[in-house]
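Notes for the structure review
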Amino acid sequence: MGRLHDWGFPICLLLLWTIAAVFTVYALIGMEAAAWGQTQVPRQSMHVAAKPTATAAPSKGRLAPVG
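Remember, predicted model here, so these are calculated numbers, not experimental data.

Procedures and definitions
- Per chain, residues are indexed from 1 in the order of the written sequence.
- Under the rules for a predicted model, residues below a pLDDT of 70 receive no local features and side-chain atom pairs below 80 are neither given nor counted, while totals for whole chains, interfaces and linings still include all residues.
- The basis for every side-chain value is the complete set of non-hydrogen atoms in the structure, without hydrogens or water.
- Working definition: helices are DSSP H or I runs of at least four residues, strands are E runs of at least two. Numbering for both runs from the N terminus.
- Each residue is placed in one exposure class: buried if its accessible area under a 1.4 Å probe, protein chains only, is under 20% of its type's maximum, exposed if it is over 50%, and partly exposed if it falls in between.
- Note that accessible areas follow from Shrake-Rupley with a 1.4 Å probe, and for residues the cover is restricted to the protein chains shown.
- Residues enter patches when they are more than 30% accessible in relative terms and free of salt bridges; like-charged ones are connected within 9 Å and nonpolar ones (Val, Leu, Ile, Met, Phe, Trp, Tyr) within 5 Å.
- Salt bridge criterion: a side-chain nitrogen from Lys or Arg within 4 Å of a carboxyl oxygen from Asp or Glu.

As a further point, take the overall build of the protein chain. Within the protein chain, the secondary structure is distributed over one helix and zero strands. For the protein chain, buried positions account for 1% of its 67 residues. Carbon together with sulfur atoms contributes 70% to the accessible area of the protein chain, which is approximately 7,100 Å² in total.

Okay, structure coming up:
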């Protein structure tokens, strides 16, 4: 019983320190992953879509309807 009394506090302190360190590393990895996802350039499609062409030239400062 004396040994538990002598070593209980240091062991609990080490256990709490280990849990805090694991939590800190886990949080840092989580933030790094979130930051990595935000900095990546979004993928662009290789599909070439036909662009609509104007049907007529602009008249009187207005743009012609497209379609």
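On to a nonpolar patch on the surface, then. Taken together, the side chains of Leu 15, Leu 16 and Ile 19 present a nonpolar region at the surface, about 320 Å² in accessible area. Looking at the element boundaries, Leu 15 is found in helix α1 (residues 2-39).

Take it as geometry only, folks, not as evidence of what the structure does.
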